[in-house]
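# Summary of structural features
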Amino acid sequence: MAVLQMRRINICAMKENRKKILELLQKRGCLELIESESEDTVFAKTNTAAQISIFERNTALAENALEILDIYSAEKKSMLSSLEGKREISNAEYMNAVTNQQNTMSFVNKIIRQKKDIDDREALIVKSREEIQALMPWMALDVAMNYQGTKKTGFLIGSVTGSYNQEQLIQQTEAIEELPENVYMQVVSADKYQTYITFVYMKEEQEDVEKALRQMGFTRPPVIAHHVPKVSIKNREKRIEKTQSEIEAIKAEICREAAMRNEIKKISDYYTVRADKYKVVGKVLQSKHTFFIGGYIPEKEIKPLREKLEKNFTVAFDVEEPEEDEDVPVLLQNNKTAGAVEGVVTSFGYPAKHEIDPTAITAFFYYFLFGIMLSDAAYGLIIFLGCLWALKKYPNMSPSMAATLRMFKNCGISTLI
């Protein structure tokens, strides 16, 4: 059809009405704000970075809580749930969500804490299993792993690289000249890569013993238990069992909290809108009692907007013609049949403000050529009926999805013909 004519408007109103006016403009969605840089001694901008940060943080927390709920209590959705879009809520529901926002955020923070508790417990289970794995080679040891020895003797446990039995180990150590004679060693177990050994030695010879053992690649165990290894393993198994029970209990509680999912979605959208609003507030020039806002608006929206503002508020409303070289936003206006192809046109770039909108011409050839290429009446009928059903069944789907389905519905008619 056409590229809509845009005008520049300037609105000056009382500061006490700023919130209501900005919410009105936000709901109508017809104004693209012009950020003015001309601050002076009368008009200045308000720093809203702190408020925006709070709102965005709350939005992020709410989204995080929803992701957690999806992990432990996934929302049942149909195969076509992506077409449903967002459910519209009444003003009463909206006000109720705003009134209860603190309670909802308390639930959000609780869900996030519960997820952290689950993560901490799962990390503890992983650690316990790794410790059990490290203790398994020492199952035959009948003293505590941290046993230090007697008054005159020391006790040392560790492993050396290679697989040895008792006789092979003795032969290996006899070749080490620095190893004192008064050392008793015993193989506890061995696998393909390491041999696990205990040493008893005279305490005054401890330094010589450790120096000699280093030549064999001797290393201390990564886990030193305070009990006999069998007991330590059993204790860790009990800890794992208890921790898993705690995790299941927390998961069950999160599942019960899934009833708050819709309230969390509402509050997430609420804080997103609030953040967007305060981003605008930070760009608006304000004095002690008034504020000033300017932007571009389609010419057809000027009259209803002016009437709405002047009826409810004390405002000064000024309309200007944009300069010839001014970079104004471009908005296309087409009927539903041609408008369904706008996405195809705009994917190559918008026409300039004084250029012709090629959408109608593109739509005609798009539908015509699609029908020629597919050229099967049955397929065309199936596409048409499927898209028509989806459009009727899911009226709240996103505008872009609705436009795509309308486009293929029309393509189905073309193919059928």
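A brief structural summary. (Residues numbered from 1 in each chain as written. Predicted model: local features only at pLDDT ≥ 70, side-chain atom pairs only at ≥ 80, totals over all residues. Heavy atoms only, no water.)

### Quick word on the overall build of the protein
The criterion, for reference: Helix and strand definitions here come from DSSP, where helices need a minimum of 4 consecutive H or I residues and strands a minimum of 2 consecutive E residues; each element is numbered from the N-terminal end. Radius of gyration means the value over C-alpha atoms here, while the globule rule gives 2.2 Å times the residue count to the 0.38 power. Think of it in three bands: residues with accessible area under 20% of the maximum for their type are buried, residues over 50% are exposed, and the middle band is partly exposed, with areas taken using a 1.4 Å probe on protein chains only. Contacts are assigned to residue pairs that have any heavy atoms within 4.5 Å of one another. What sets the accessible areas is the Shrake-Rupley method with a 1.4 Å probe; for residues, cover comes only from the shown protein chains. Charged residues are defined here as Lys and Arg on the positive side and Asp and Glu on the negative side; His and the ends of the chain fall outside this count. Lysine's charge is taken at NZ, arginine's at CZ, aspartate's at CG and glutamate's at CD.
From N to C terminus, the protein includes 14 helices and 11 strands. Relative to the compact-globule value of 22 Å for 417 residues, the protein shows a C-alpha radius of gyration of 37 Å, a clear excess of over 25%. For the protein, the spread of C-alpha atoms along the three principal axes comes to 105 × 70 × 45 Å. Looking at the protein as a whole, 39% of its 417 residues are labelled buried. A separation threshold of at least 6 residues defines the contact pool for the protein, and within that pool the share at least 24 residues apart is 80%. Surface summary for the protein: the accessible area is close to 25400 Å², and the carbon and sulfur share equals 53%. Between the averaged position of the 55 positive side-chain charges in the protein and that of its 58 negative side-chain charges there is a distance of 8 Å.

### Focus: the nonpolar core
Using the following cut-off: We define a nonpolar core as any set of buried Ala, Val, Leu, Ile, Met, Phe, Trp, Tyr and Cys residues linked to one another through side-chain atoms lying within 4.5 Å.
Residues Val108, Trp138, Met145, Ile254 and Ile264 are the most contacted members of the largest nonpolar core, which totals 40 residues. Counting residues per element, the ones that place at least two in this core are helix 2 (49-72), helix 4 (101-135), strand 5 (153-161), helix 7 (229-257) and helix 8 (261-281). The biggest single contributor to this core is helix 2, with nine residues. Among all residues touching valine 108, those that are not within four sequence positions of it are Leu61, Ala62, Ala65 and Ile264.

### Looking at the layout of surface pockets
Which entries qualify depends on this criterion: Cavities and pockets are defined on a 1 Å grid built over the protein atoms alone: a cavity is a set of grid points where a 1.4 Å probe fits but cannot escape, while a pocket is an open set with protein on both sides within 12 Å along at least five of seven lines, and lining residues are those with an atom within 4 Å of any such point. Grid points are joined across faces, edges and corners, and a volume is the space filled by probe spheres set on the points. Three classes are used, and their members are as follows: Ala, Val, Leu, Ile, Met, Phe, Trp, Tyr, Cys and Pro are nonpolar, Asp, Glu, Lys and Arg are charged, and the others, Gly among them, are polar.
There is about 1600 Å³ of room inside the largest pocket. Lining the largest pocket are 40 residues, and of these Lys86, Arg87, Glu88, Ile89 and Asp269 sit closest to its centre. Breaking the lining of the largest pocket down by element, the ones donating at least two residues are helix 1 (18-28), helix 2, helix 3 (91-99) and helix 8. The dominant element in the lining of the largest pocket, judged by the number of residues it contributes, is helix 8, at 12 residues. Each residue belonging to the lining of the largest pocket can be placed in one class, and the counts come to 11 nonpolar, 10 polar and 19 charged.

### Points about the packing of helix 12 (residues 359-374) against helix 14 (residues 399-416)
If you want to describe how two helices pack, look at the angle between their axes and the distance between the axes. To keep things clear, this is the line we draw: Simply put, an axis is a line fit to the C-alpha atoms, just over the touching stretch for a helix, and the angle between two N-to-C directions goes from 0 to 180 degrees. Note on angle classes: values under 35 degrees are labelled roughly parallel, values over 145 roughly antiparallel, values of 65 to 115 roughly perpendicular, and the remainder oblique. Whether a crossing is left-handed or right-handed is set by the direction in which the near helix is turned from the far one by less than a right angle, anticlockwise for left-handed and clockwise for right-handed.
The interhelical angle for the contact between helix 12 and helix 14, taken along N-to-C directions, is 55°, at an axis separation of 8 Å. Comparing their axes, helix 14 and helix 12 come out oblique. In this structure, the crossing between helix 12 and helix 14 has a hand that is right-handed. Of helix 14, the residues touching helix 12 (which contributes Tyr366, Tyr367, Phe368, Phe370, Gly371 and Leu374) are Met407, Phe408, Asn410, Cys411, Ser414 and Thr415.

### Some words on empty space enclosed by the protein
Regions of empty space are outlined by a rolling probe, equal in size to a water molecule, passed over the atoms. Going through the model one piece at a time under the given rule, you end up with one cavity of 30 Å³ or more. Of the volumes computed, that of the largest cavity is approximately 40 Å³. Surrounding the largest cavity, Leu33, Ile34, Ser36, Lys283, Val284, Leu285, Phe292, Ile293 and Gly294 form its lining. Going through the elements one at a time, strand 3 (32-34) and strand 9 (290-298) are the ones with two or more residues in the lining of the largest cavity. It is strand 9 that contributes the most residues to the lining of the largest cavity, three residues altogether.

### A few points about the packing of aromatic side chains
When we look at a pair of aromatic rings, we describe it by the centre distance and by the angle of the planes. Going by this rule: Any two of the Phe, Tyr and Trp rings considered here, Trp counted by its six-membered ring, make a pair once their centres fall within 6.5 Å; the pair's planes then place it as stacked at under 30 degrees, edge-to-face at over 60, or tilted in between.
The full count for this structure, using the stated rule, is 11 aromatic pairs. Between the aromatic rings of tryptophan 138 and tyrosine 196, the centroid separation amounts to 5.5 Å while the plane-to-plane angle is 75°, which identifies the pairing as edge-to-face. Taken together, the residues span a long stretch of sequence, with tryptophan 138 in the loop between helix 4 and strand 5 and tyrosine 196 in strand 7 (residues 194-202) at a distance of 58 residues. Both residues of the pair, tryptophan 138 and tyrosine 196, belong to the buried class.

### Examining a nonpolar patch on the surface
Formally: What makes a patch is a set of residues exposed beyond 30% relative accessible area and free of salt bridges, joined within 9 Å when like-charged and within 5 Å when nonpolar (Val, Leu, Ile, Met, Phe, Trp, Tyr). The salt bridge definition used is simple: a Lys or Arg side-chain nitrogen within 4 Å of an Asp or Glu carboxyl oxygen.
Nonpolar side chains collect at one region of the surface, where Ile361, Phe364, Phe365, Phe368, Leu369, Ile372 and Met373 lie side by side and expose about 770 Å² of accessible area between them. Here phenylalanine 364 is to be found in helix 12.

### What to know about the pattern of salt bridges
Here the structure, examined in full by the defined rule, presents 17 salt bridges. Between arginine 7 and glutamate 321 there is a salt bridge, and its shortest N-O distance comes to 3.1 Å. Separated by 314 residues along the polypeptide, arginine 7 in strand 2 (residues 6-14) and glutamate 321 in the loop between strand 10 (315-320) and strand 11 (332-333) bring together distant segments of the chain. Ionic contacts of the salt-bridge type, sharing partners, join the residues Arg7, Glu299 and Glu321 into one network.

### A few points about the side chain of threonine 243
Within the secondary structure layout, threonine 243 lies in helix 7. You can call threonine 243 buried: its relative accessible area is 4%. If near-sequence neighbours (up to four positions away) are discounted, threonine 243 is found in contact with Arg121, Leu124 and Ile125.

### Thoughts on the sheet that holds strand 6 (residues 183-190)
Basically, it comes down to this: DSSP bridges decide pairing: two strands pair if at least two such bridges lie between them.
Sheet architecture is open: three strands sit in the order 5-7-6, paired in antiparallel fashion. Among the strands making up the open sheet, the edge pair consists of strand 5 and strand 6. In this sheet, neighbouring strand axes are inclined to one another by 20° on average, regardless of whether the strands run parallel or antiparallel. Packed onto the sheet, helix 5 (residues 166-174) meets strand 6 and strand 7 and runs at close to 135° relative to strand 6.

### Comments concerning a negative patch on the surface
A cluster of acidic side chains, namely Glu177, Glu178, Glu207, Asp208 and Glu210, defines a negative patch on the protein surface. For aspartate 208, the position within the fold is in helix 6 (residues 206-214).

### Regarding unusual backbone geometry
We note that serine 375 has phi near 50°; this positive angle belongs to a residue other than glycine. Turning to its location among the elements, serine 375 is positioned in the loop between helix 12 and helix 13 (377-393).

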